[in-house]
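# Residue-level structural notes
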Amino acid sequence: MLEEWQTSWKNGDTGRKIYDIMPSVSLRPTNWIREDVIFFSQHGPFPAYLKRFHLSDSDCCSCGGIGTALHYATECILTVSWHMRKPAPNFEQEWLKRVANNLVSRHKIHGIVKFISENRDLFRPL
């Protein structure tokens, strides 16, 4: 059953952002909370996600940048209290894996997602 699940996960066409972080299936729980799932799946209050699903007309953050999860974690002036060093574009996937496995970084992610969720009007494009 695990082999079948692994094959399905490896060859699937959904959940690729999570697959890139966790390529192997496991019966052990991940200990991720809601904010982790929102950030790493990039399905949440991010303008880039909302535009992709036609829930917003713009993918821009009110600061002028493109409102992606990475933007809020590394460069948005509205979330500077939780910033981490921005990865080079070719190391973005490795950066996400390291953040997912680092408790301090995950606490920063929790703060970012909670702040955006509680202050959605602040993040809408002007």
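Residues numbered from 1 in each chain as written. Predicted model: local features only at pLDDT ≥ 70, side-chain atom pairs only at ≥ 80, totals over all residues. Heavy atoms only, no water.

This part is about the pattern of salt bridges. Per the stated rule, a full pass over the model turns up 3 salt bridges. When the shortest N-O distance is used, the salt bridge between D36 and R106 registers 3.1 Å. Remark: R106 occurs in helix α7 (residues 103-118) and D36 occurs in helix α3 (residues 34-41); sequence separation between them is 70 residues. E94 is the salt-bridge partner of R98, the closest N and O atoms lying 3.5 Å from each other. Of this pair, R98 and E94 both sit in helix α6 (residues 92-100), separated by 4 residues, roughly a single helical turn. Accessibility expressed as a relative area gives 36% for E94, which makes it partly exposed. (Salt bridge = Lys/Arg side-chain N within 4 Å of Asp/Glu carboxyl O. Helix = DSSP H or I, 4+ residues; strand = E, 2+ residues; numbered from the N terminus. Buried < 20%, exposed > 50% of the residue type's maximum accessible area, 1.4 Å probe, protein only.)

Put simply, the protein chain has an average pLDDT of 94, and 98% of its residues get 70 or more. Model confidence for the protein chain, summarised as mean pLDDT per element, is weakest for helix α8 (residues 120-123) at 84 and strongest for helix α5 (residues 69-74) at 97. (pLDDT = per-residue confidence, 0-100.)

We now examine the environment of S24. Looking at the secondary structure, you find S24 in the loop between α2 (16-21) and α3. The exposure class of S24 is exposed, given its relative accessible area of 53%. In sequence terms S24 and S56 are 32 residues apart; their C-alpha atoms lie 34 Å from each other. Setting aside residues no more than four positions away along its own chain, S24 makes contact with Q6 and W9. (Contact = heavy atoms within 4.5 Å.)

Residues F39, F40, F46, Y72, A73, W95 and I109 are the most contacted members of the largest nonpolar core, which totals 24 residues. Mapped onto this core, the elements with two or more residues apiece are α2, α3, α5, α6 and α7. With near-sequence residues (within four places) excluded, F39 lies in contact with F46, A69, L70, A73, W95, L96, I109 and V113. (Core = buried A, V, L, I, M, F, W, Y, C linked by side-chain atoms within 4.5 Å.)

Further remarks concern the packing of aromatic side chains. The full count for this structure, using the stated rule, is 6 aromatic pairs. When the centroid spacing of 6.1 Å and the interplanar angle of 25 degrees are considered together, the rings of F46 and Y72 count as stacked. One end of the pair, F46, is in the loop between α3 and α4 (47-52); the other, Y72, is in helix α5, and 26 residues separate them in sequence. Residue F46 is classed as buried on the basis of its relative accessible area, which comes to 1%. Judged by relative accessible area, Y72 falls into the buried class, the value being 0%. An aromatic cluster is built from W32, F39 and F40, whose rings are joined through pairwise contacts. One cation-aromatic arrangement involves R16 over W9; the distance from NZ or CZ to the ring centre is 5.0 Å. Sitting above the plane of the Y19 ring, R16 keeps its charged end 4.4 Å from the centroid. (Phe/Tyr/Trp six-rings, centres within 6.5 Å; stacked < 30°, edge-to-face > 60°. Lys NZ or Arg CZ within 6 Å of the ring centre and 35° of its normal.)

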